[in-house]
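For reference, the chains in residue letters:
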Amino acid sequence: MKTVIYESTNVDDFLSSWANFINTFDLDTNDWLSTLFEERHHWVPCYLKSFFWARMSTMQRSESMNAFFDRYINSSTNLQQFVQQYDNALQHKAELECEADFASLNTVIPCTSQSGIERQFQSEYTHAKFNEVQGEFRGKMNCALINAYIEGHACCFTVVEESFQYGQPKHRNVLNQVVFNL
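For clarity, every value in this text was computed on a predicted model and none was experimentally measured. (Residues numbered from 1 in each chain as written. Predicted model: local features only at pLDDT ≥ 70, side-chain atom pairs only at ≥ 80, totals over all residues. Heavy atoms only, no water.)

1. Description of the side chain of Glu 118
Our working definition: Secondary structure elements are taken from DSSP: a helix is a run of H or I of four residues or more, a strand is a run of E of two residues or more, and numbering for both begins at the N terminus. Accessibility here uses a 1.4 Å probe with only protein chains present; expressed as a share of the type maximum, an area under 20% marks a residue as buried, one over 50% as exposed, and anything in between as partly exposed. Lys and Arg are tallied as positive, Asp and Glu as negative. Neither His nor the chain termini are counted. Just to be clear on terms, a salt bridge is a Lys or Arg side-chain nitrogen sitting within 4 Å of an Asp or Glu carboxyl oxygen. Whenever a nitrogen or oxygen atom comes within 3.5 Å of another N or O atom, the pair is scored as a polar contact, on the condition that within protein one atom can donate a hydrogen and the other can accept it, and that pairs from neighbouring residues in sequence are kept only if both atoms are in side chains. The contact criterion used is simple: two residues touch if any of their non-hydrogen atoms lie within 4.5 Å.
As for its position among the elements, Glu 118 is in helix α6 (residues 116-124). Put simply, Glu 118 is tucked away with no salt bridge, and the nearest opposite charge, on Arg 119, sits 6.7 Å away. Of note is the side chain of Glu 118, whose polar atom sits 2.9 Å from the backbone nitrogen of Thr 112. Side chain to side chain, Glu 118 and Ser 113 meet in a polar contact 2.4 Å long. Those residues in contact with Glu 118 that sit more than four places away from it in its chain are Cys 111, Thr 112, Ser 113, Phe 130, Gln 134 and Phe 137.

Here you go:
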């Protein structure tokens, strides 16, 4: 299954490999795999190539999935056990989310800026998600736009990360080129 998912270079290759996998292991009546297949455009790498992943590699995404499953499966887990353990993992994750929701309703993490957007996130998000947002806000503080220009029907921007030493810009690492079509 790992080969089908991660080594498919395009959608047609994935569809062919998936069908072969399902037929080889006689899994065409497995509801979980059927549902997984229906949602393939949300999780199969060849469907996600056109999305921005903030420089996160496919390997990093799969490593976080591996960390999620480490408590539930190992190399000797068969497919039937995997499906059962997957359900256990999801149930445990849901319980942790309920606990986090409860904590979020009863405590408040202070904002680090005067931004109205940050305050909106503070009131709407769980603590874990709000901590992520605050990390993004801190990262944004070091970003600057340079070389903003219009070319035809597109606005082009270069986003850089700046660091300062003694009040002067020290480094300008190009983070991204952004093109906005008008």
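After that view, the rundown keeps rolling.
2. Examining the packing of aromatic side chains
What counts is decided by this rule: Note on ring pairs: Phe, Tyr and Trp rings are taken, using the six-membered ring of Trp, and paired if centres are within 6.5 Å. Classes follow the plane angle, with under 30 degrees stacked, over 60 edge-to-face and the rest tilted. Geometrically, a charge over a ring is one whose NZ (Lys) or CZ (Arg) sits within 6 Å of the ring centre while staying within 35 degrees of the ring normal.
For the structure on display, the rule yields 11 aromatic pairs. Residues Trp 18 and Trp 43 carry aromatic rings whose centres are separated by 6.5 Å and whose planes lie at 65° to one another, so their mutual orientation is edge-to-face. Pair noted here: Trp 18 is in helix α2 (residues 11-24) and Trp 43 is in the loop between α3 (31-38) and α4 (58-69), with a separation of 25 residues, a long-range link. Take Trp 43: its relative accessible area is 25%, and that puts it in the partly exposed class. Through a chain of ring-to-ring contacts, the aromatic side chains of Phe 14, Trp 18, Phe 21, Phe 25, Phe 37, Trp 43 and Tyr 47 assemble into a single cluster. Taking the ring centre of Phe 37 as reference, the NZ or CZ of Arg 40 above it sits at 4.0 Å.

3. Digging into α2
Our working rule: For a helix, the expected span equals 1.5 Å multiplied by the residue count minus one. Think of the arc as the fan of directions from the helix axis to the C-beta atoms.
When the terminal C-alpha atoms of α2 are compared, their 20 Å separation across 14 residues agrees well with the 20 Å that a helix rising 1.5 Å per residue should span. Among the residues making up α2, those that are buried are Phe 14, Trp 18, Phe 21 and Ile 22. The buried residues of α2 occupy an angular sector of 95° when the element is viewed end-on, so they sit on one face. Exposed and oriented more than 90 degrees from the buried face of α2 are Asp 12, Asn 20, Asn 23 and Thr 24. Tucked into the core, α2 has its buried residues touching α1 (2-6) and α3. You can read the cap of α2 off the contacts: a side-chain oxygen lies 3.1 Å from the backbone nitrogen of Asp 12, and it is on Asn 10. Positioned one or two residues after α2, Asp 26 has a phi angle of 50°, which is positive.

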